[in-house]
Amino acid sequence: MKRIVFTYSTLCVLAVLLLYSCGIKKFIPEGEHLYSGATLNMRLDSAIKAEVKGFKQVETELFNLIQPNPNTTFLGMKPALYFHYKAQKEKPGFFYRFLNKSFGEEPVYFSDVNTERIQELILNRLDNNGFFYSRVDSEERVQEKFASVSYDATLREPYLLENYQLESDSLPIYNEIEELIKNTPLSKGDRFDLDLLNLERERLDNGLKQKGYYNLRPDFLIFEADTNRYQTKKFDLFLRLKKNVPKRAAIPYTIDSITVYPNFSIENDTLPVTAKNSTQIKGIDFIQEELYFKPKLLESYLLFNKGDLYNASTSKRTSNRLSALGSYKYVNIQYTELDTTLTDGDAGSLAASIYLAPLTKRSIRAELQAVTKSNGFTGPGIALTYSNRNLFNGGETISISANFSYESQLSSGENSSLSSIAGGIKTDLIIPRLIPFSPSVFQYNVPKTKISLGVDFLQRSQLFTLSSINTSFGYTWKENRYVYHQLDPISVNYSRLFNVTDEFQQILDDNPFLSRSFEQRFIAGLIYGFTYDEVSDVEKEFPIYFSTSIDLAGNTLSLISGGSGSILGSEYAQYAKADADFRFYMRWGNEQTLISRVYAGWGVPYGNSQTLPFVKQFFSGGPYSIRAFNIRSLGPGSFDVENGVTNTDYFDRSGNLKLEANLEYRFPIFSYLKGAVFVDAGNVWLTGDYSDLENEQVNSNFSNTLFTDGKFESDWLKEVAAGVGFGLRVDVQNFVIRFDLASPLRVPYLPENDRWNVPFFGNVDNNFTLNFAIGYPF
């Protein structure tokens, strides 16, 4: 509680400092004026302005030329500058040194402003955008200790494109350029724009690079504008090759030979060249001291062959495919010109060398864990993982992981003897190709086949033991830079509940919904997942993330069993389940990000099932959900687990419908330490008809039953849980250790008039929750 009071006091101090920060005049040295910014007025006939394409973009572009930027202002004050000035005193103290290091800004004085240079830049940019013969003036405004500038730009009518054509020539490359020009984005009426012309030149260069022109460069292509034909502001655009361009740049190149080194060492770049180490597949030479990667398999990942025209795009895709195998840390494709005497003719030739440096083949990783839960359960855990990245010399990766954990109730009381033991072993085999399909079907990336087999057990003393075995067979592939697919046509899970104590049996008797969830031992079906992810693209200011999955189970088993409801003596589950996760990121300034997230999931049991299996149900709360509540401690709806449940320590709340929303603001503090403030909201509910299960209920001590309080109704907003909080994150090269302190804002299982709570200062139980986790929540 002292820590919370300190944080509150700190906020009060910061508020006072913000008020004082408006009085910075006394810190400004004699002879200096603090620069307060600039304005830009653009004068152009309104009728012309309405017809000019991209005028707003030009205005933004010109305004961005005005430098330097003034000091940051917040609510009319300059707190960052104030912190800097205070830190320059002879004895500033730790507090002001910290604030200056974290938020301070050096002053921007008017003497740092070069108005003439800014005018030249604006005029140059106006010329580049077709507003030739424009004029720019500036006016300086000085008042007391502050100064600003007003720039006035008088624009002339811009020049517009009338015709775009290629100058004729006998060289074969002109035929290729003419074909590419047919798809140009330039059109009649476009304003003269140097940036668009540069993009057009790069487009043409990229297109020619895919047609064999290995030695061509963008600056070999020259644009010439002619305005002499017209009385009005129009121009014709002509394209040609630069004079005296090297002949080698104007001829296509063919790949004459391909050599692959599958076991290249970066430390020792000596290449094996003896004939006994060489294998040739389809004209491609594979040279390796000892067999590391089977040449026949490796050849299938190359997208170009001997005799093909050089293609820069194909070369890049081949490099990406080889990197995606998961066996190599370094992939380098180099081209060497051959027969240089032929470059004065109609074609040239290249030798392609592909250098592949392997990752460490085998590795073992161990993780020690310590878990402390709010209900008093504490204990250690260990996880071991063995990996082999090239199991059968074809890029296959096998990963064997085992985990074990123990938790015990350390506090005294009726639950002091409770404990929990969990463990499991899982094996994943990833094959970098689609079994049994050809890998050349997917040219963007390497599709993979994944085969998994795992066994888990969970023993909760005085309650039950649960064991399960699961296996799956499926495919993963990337369609492009942002789109990822996962398809598991075979997914099987078998679980068994045994060693059930009388105490837990009473819980099952009281809760037929939970009882039916455990009875469905056999789950077999199909799972498909789709992901669209722009977040890794650091150049996007507003990236989005969207993922969805569909899980169908029991239909095939129903056909096999003839609708009997069981197979191999075990009841199987039938259901359809889908979820969707959408996130929108707003990035700006110094690593600041605002993320909004919406999640929805729904599962519908049918046929042989009255409920979703326990392992397929939705849960809410925890470090990756609503952080003000412990994991699996919310819902369904307004259901209160304390009413009528004899042992609540192992009672997991669940539902078949989940709605959740999150809003989080992330900001840097210093170095690797980041901060965040957030708001989370959501819950889980029950949907469907559970009248049969409700009739089975034997515990009359429920004041609000699971089925009435947990059902999704039209007034579901009254049952939404909400929490707020702040966090600290240690982010070292994308390895994140996260601490989030959160407090409930709204508690849905309390009486309706008492659900709102003052975060951190309210009277509800568990008024704040500390979450420790690895990685960001979303």
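Residues numbered from 1 in each chain as written. Predicted model: local features only at pLDDT ≥ 70, side-chain atom pairs only at ≥ 80, totals over all residues. Heavy atoms only, no water.

Draft legend 1. Quick peek at the side chain of serine 461. Its location among the elements puts serine 461 in the loop between strand S16 (448-460) and strand S17 (464-478). A distance of 2.7 Å separates a polar atom in the side chain of serine 461 from the backbone nitrogen of serine 419. (Helix = DSSP H or I, 4+ residues; strand = E, 2+ residues; numbered from the N terminus. Polar contact = N/O pair within 3.5 Å; in protein donor to acceptor, adjacent residues only side chain to side chain.)

Draft legend 2. The arrangement of the sheet that holds strand S11 (residues 348-358) in detail. Within the open sheet, the five strands sit side by side as S8-S9-S7-S11-S10. Their pairing is mixed. The sheet terminates laterally at strand S8 (278-281) and strand S10 (328-338), the two strands that pair on one side only. When the angles between neighbouring strand axes are averaged without regard to direction, this sheet yields 25°. Here strand S7 (residues 253-261) runs beside S11; their pairing, made up of eight bridges, is parallel. When the bridges of S11 are listed, isoleucine 255 appears paired with leucine 350. (Pairing = 2+ DSSP bridges. Axes fitted to C-alpha atoms, helices over the stretch in contact; angles between N-to-C directions.)

Draft legend 3. Examining the packing of helix H4 (residues 79-87) against helix H5 (residues 93-103) more closely. It is the contact of H4 with H5, at a shortest axis distance of 8 Å, that shows an interaxial angle of 135°. Between H4 and H5, the interaxial angle falls into the category oblique. The element H4 and its partner H5 pack so that their crossing is left-handed. For the pair H4 and H5, the contacting residues are Ala80, Tyr82, Phe83, His84, Lys86 and Ala87 in the first and Tyr96, Leu99, Asn100 and Phe103 in the second. Here the contact of H4 with H5 is composed, by residue class, of seven nonpolar, two polar and one charged. (Parallel < 35°, antiparallel > 145°, perpendicular 65-115°, else oblique. Left-handed = near helix turned anticlockwise from the far one by under 90°. Contact = heavy atoms within 4.5 Å. Nonpolar A, V, L, I, M, F, W, Y, C, P; charged D, E, K, R; others polar.)

Draft legend 4. Broad picture of helix H3 (residues 55-63). Looking only at H3, the buried set comprises Phe55, Val58, Glu61 and Leu62. End-on, the buried residues of H3 take up no more than an arc of 120°, which puts them together on one face. Counted as exposed and oriented over 90 degrees from the buried face of H3: Lys56 and Gln57. (Buried < 20%, exposed > 50% of the residue type's maximum accessible area, 1.4 Å probe, protein only. Arc of directions from axis to C-beta.)

Draft legend 5. Representation of helix H6 (residues 115-128). With 14 residues, H6 ought to run about 20 Å at 1.5 Å a step, and its terminal C-alpha atoms sit 20 Å apart, in line with that. Listing the buried residues of H6 in full gives Thr115, Ile118, Gln119, Ile122 and Leu126. With its buried residues spanning 100° around the axis, H6 presents them on a single face. Those residues of H6 that are buried lie in contact with strand S1 (34-43), H3, strand S2 (135-143) and strand S3 (146-154). Glycine 130 sits one or two residues past H6 and shows a positive phi near 90°. (Expected span 1.5 Å × (residues − 1).)

Draft legend 6. Broad picture of the sheet that holds S1. The strand order across the open sheet built from three strands is S1-S3-S2, with neighbouring strands paired in mixed fashion. With one partner strand each, in any of the chains shown, S1 and S2 form the two edges of the open sheet. When the angles between neighbouring strand axes are averaged without regard to direction, this sheet yields 15°. Relative to S3, S1 runs parallel, the two being bridged by eight bridges.

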